[in-house]
Amino acid sequence: MAIEGKDEQAREPRIRLGMVGGGAGAFIGAVHRMAARLDDQFDLVAGALSSTPEKAIASGRDLGLDPSRTYGSYKEMAIREARLKDGIEAVSIVTPNHVHYEAAKEFLKRGIHVICDKPLTSNLADAKKLKKLADESDALFILTHNYTGYPMVRQAREMIANGDLGKIRVVQVEYPQDWLTEAVEQTGAKQAVWRTDPAQSGAGGSTGDIGTHAYNLAAFITGLTLESLAADLDSFVEGRRLDDNAHVMLRYEGGAKGMLWCSQVAPGHENGLKIRVYGTKGGIEWVQADPNYLWFTPFGEPKRLITRNGAGAGAAAGRVSRIPSGHPEGYLEAFATIYTEAARAINAAKKGVAIDKAVIYPTVDDGVKGVAFVEACVASSKKNGAWVKV
């Protein structure tokens, strides 16, 4: 957050945090732990860090957790922590997709706030059930679409909301990677194995893993609602059971059109998330690999570069920026923004006051839309790219 906001937030007691998943060998668990600590808002005090009790205990020991608060299952953790006087107030769920629903359910029904990795669930039926549970619970539900935490993404959103681009006509978003160009899942690589397994990942491969990020980013920045899509999904690697490349045409309510490309078989791309938006009055472009800059071109005028905390940057970007312009902020800081927004919301809930309207984080509703997007892509592709309502 901006310096004055962060100092104000730091006066609150740290929120007691638990974690489900994220043990030894898990990439995203470590990212969540760093994000939770960056703005000094959370203390990790408990965990059910693996699907096997032995690995869970070993991972808890590696992280310095109290052995009595290192659990062999998320259900055991939810039951015991809810009974403790100093039990966890929030839980991070960083497991493969198929565990999200059952794990989140155990904590929501006990009033423990949930911070869940994306996509929301592995199928739409579970996503809808989880939304019902979240809506009925007193606990908050935060979905970690972390790219919405970048200051210049907030800048783009603010500019579009203010009408700087006029009426939106065209949205182009892409997220190419190359790490699944070969059948690495057949080598036993943990991250590849579960992401290419329909039983753990769900119906979408690249669409679920990174396509949901691209879809969410476009929705977050533009404020547009997707009406229908036409998708062409491929599994280019022989024997792969889920898509590793997708081309998706998008039709938004109000007449705007879009195109989304996600791929995990695009050599030369590491995490090539990029978005361009064009309206009647101008266009913008943002690239995740160079996230401190936003290009803005008013129609008929020279291209302008807006820098994080630089001239032309607005309040929405400034409140989630930690350091002066010229010093890069990146992926971990954006991820931390989601956690600190969550902390602001949780602290407001503890006090029984309304959450500040400036606080923004992806919700369970965004999660349902993301899973619906994946299932619509799969359905469309099975119909030879027919248009499907979302």
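Values in this document were obtained by computation on a predicted structure and should not be read as measured data.

Conventions we followed
- Residue numbering note: each chain is counted from 1, following its sequence as written.
- Local features in a predicted model are, by the rule used here, given only for residues with pLDDT of at least 70; side-chain atom pairs are given and counted only at 80 or more, and totals for whole chains, interfaces and linings are based on all residues.
- Think of the side-chain values as coming from all heavy atoms in the structure, minus any hydrogens and water.
- Remark: exposure states derive from per-residue accessible area (1.4 Å probe, protein chains only) relative to the maximum for the residue type, with buried under 20%, exposed over 50%, and partly exposed in between.
- Each helix is a run of H or I in the DSSP string that is no shorter than four residues. Each strand is a run of E no shorter than two, and both are numbered from the N terminus.
- Should DSSP find at least two bridges between two strands, the strands are taken to pair.
- A right-handed crossover is one whose linking path, passing over the helix from the first strand to the second, runs clockwise when the strands point away from the viewer.
- Only heavy atoms enter the contact rule, under which two residues are in contact if any of them lie within 4.5 Å.
- Lines are fitted to the C-alpha atoms to define the axes, a helix being fitted only along its stretch in contact, and any angle between axes, read from their N-to-C directions, falls within 0 to 180 degrees.
- By convention in these notes, a salt bridge is any Lys or Arg side-chain nitrogen within 4 Å of a carboxyl oxygen on Asp or Glu.
- The term disulfide is used for any two cysteine sulfur atoms that are within 2.5 Å.
- Note on angle classes: values under 35 degrees are labelled roughly parallel, values over 145 roughly antiparallel, values of 65 to 115 roughly perpendicular, and the remainder oblique.
- Following the grouping adopted for this structure description, the nonpolar residues are Ala, Val, Leu, Ile, Met, Phe, Trp, Tyr, Cys and Pro, the charged ones are Asp, Glu, Lys and Arg, and the polar ones are all others, Gly among them.

This part covers the pairing of strand β1 (residues 15–20). In terms of burial, β1 is a largely internal element, 5 of the 6 residues being buried. Two strands pair when backbone bridges link them, and β1 and strand β2 (residues 42–48) are joined in this way by 6 bridges, in the parallel orientation. In the sheet register, Arg16 faces β2, and the bridge partner there is Asp43. You can see the chain leave β1, run along helix α2 (residues 27–38) and come back into β2, and the turn it takes is right-handed.

Take the sheet that holds strand β11 (residues 282–287) next. Spatially, β13-β12-β11-β10-β6-β9-β8-β7-β14 is the arrangement adopted by the 9 strands of the open sheet, whose pairing is mixed. One side of each edge strand has no neighbouring strand; the edge strands of this open sheet are β13 (304–307) and β14 (388–389). Pairing between strand β7 (residues 226–234) and strand β8 (residues 245–252): 8 bridges, direction antiparallel. By the bridge assignment for β8, Asp232 is matched with His247. Strands β6 (168–176), β10 (274–279), β11, β12 (293–298) and β13 of the sheet are contacted by helix α7 (residues 151–161), whose axis makes an angle of about 25° with β12. Contacting β6, β7, β8, β9 (257–263), β10 and β11, helix α10 (residues 206–222) runs over the sheet at an angle of about 150° to β9.

Right, let's talk about the pattern of salt bridges for a bit. Evaluated as defined, the whole model comprises 28 salt bridges. Residues Asp40 and Arg14 are paired through a salt bridge, measuring 2.9 Å at the closest nitrogen-oxygen approach. Of this pair, Asp40 sits in the loop between α2 and β2 while Arg14 sits in the loop between α1 (3–10) and β1; the two residues are 26 residues apart in sequence, bridging distant segments of the chain. Look at Asp40 and you get partly exposed, because its relative accessible area is 30%. A salt bridge links Glu89 to Lys350, with the nearest nitrogen and oxygen atoms 3.1 Å apart. In this pair, Glu89 is assigned in the loop between α4 (74–83) and β3 (90–93) and Lys350 in helix α12 (residues 331–351), connecting sequence segments 261 residues apart. Residue classification places Glu89 among the buried residues on the basis of a relative accessible area of 15%. It is possible to trace a salt-bridge network through shared partners that takes in Arg14, Arg37, Asp40 and Asp43.

Time to look at the sheet that holds β2. Within the open sheet, the 5 strands sit side by side as β2-β1-β3-β4-β5. Their pairing is parallel. Lying at the two open borders of the sheet, with one neighbouring strand each, are β2 and β5 (141–143). Each adjacent strand pair in this sheet contributes to an overall mean axis angle of 25°, direction not counted. Here 4 bridges tie β3 to strand β4 (residues 113–116), and the two strands are oriented parallel to one another. Each residue of the ladder has a partner; that of Ser92, found in β4, is Ile115.

Take the state of the cysteines next. Evaluated as defined, the whole model comprises 0 disulfides. With no disulfide of its own, Cys116 lies 20 Å from the sulfur of Cys262, the closest cysteine sulfur. Sulfur of Cys262: no disulfide; nearest cysteine sulfur belongs to Cys377 and is 7.2 Å away. When its relative accessible area of 0% is taken as the criterion, Cys262 is described as buried.

The subject of this paragraph is the packing of α7 against α10. At a minimum axis separation of 7 Å, α7 and α10 run at an interaxial angle of 45°. Relative to α10, α7 is oriented oblique. Residue-level contacts link Val153, Arg154, Ala156, Arg157 and Ile160 of α7 to Leu217, Phe220, Ile221 and Thr222 of α10. Of the residues belonging to the contact of α7 with α10, the class tally is 6 nonpolar, 1 polar and 2 charged.

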